[in-house]
Amino acid sequence: MKRSDLVRSIQVRFVRMGKQDAERLVDVFFQTLVDRASEGARVEIRRFGTFENRKRAGKIGYNPYSKEMIAVSASERLHFKISMDLSKAMNQPK
């Protein structure tokens, strides 16, 4: 599903909402998600899942071609954990 598909499905569900309002709604939702996640906050969307930052420690790695040791710096990644409701819905036979 693309962003335009999401905007279109919002317009279908809420008939009185114009395209620009639906686009603004999608933009605000995702920008809020990005803002909160970048602050390190846990974002929970009921019946969908949770997003949270996971910190990865720095380590010493190696280049598999040259076998040279390299330092891999610490980083943060956004982790998504699916909710039980969504997991059950995805695994139901169709």
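Residues numbered from 1 in each chain as written. Predicted model: local features only at pLDDT ≥ 70, side-chain atom pairs only at ≥ 80, totals over all residues. Heavy atoms only, no water.

Caption draft 1: Spatial organisation of the side chain of S83. The residue S83 is located in the loop between strand 5 (75-82) and helix 3 (84-91) in this model. Within the local environment of S83, its side chain forms a polar contact with the backbone nitrogen of L86, the two atoms lying 3.2 Å apart. For S83, the residues in contact, after removing those within four places along its chain, are R47, F48 and G49. (Helix = DSSP H or I, 4+ residues; strand = E, 2+ residues; numbered from the N terminus. Polar contact = N/O pair within 3.5 Å; in protein donor to acceptor, adjacent residues only side chain to side chain. Contact = heavy atoms within 4.5 Å.)

Caption draft 2: Quick peek at the packing of aromatic side chains. Applying the stated rule across the entire model yields three aromatic pairs. Centroid distance F29 to F30: 5.1 Å. Interplanar angle 75 degrees. Geometry classified as edge-to-face. Aromatic pair F51 and F80: ring centres 4.8 Å apart, planes at 45 degrees, arrangement tilted. Of this pair, F51 sits in strand 2 (residues 49-56) while F80 sits in strand 5, and the two are 29 residues apart along the sequence. Since its relative accessible area comes to 15%, F51 is described here as buried. On the accessibility criterion, F80 (33% relative accessible area) is partly exposed. Grouping aromatic residues by their ring pairs yields a cluster made of F48, F51 and F80. (Phe/Tyr/Trp six-rings, centres within 6.5 Å; stacked < 30°, edge-to-face > 60°. Buried < 20%, exposed > 50% of the residue type's maximum accessible area, 1.4 Å probe, protein only.)

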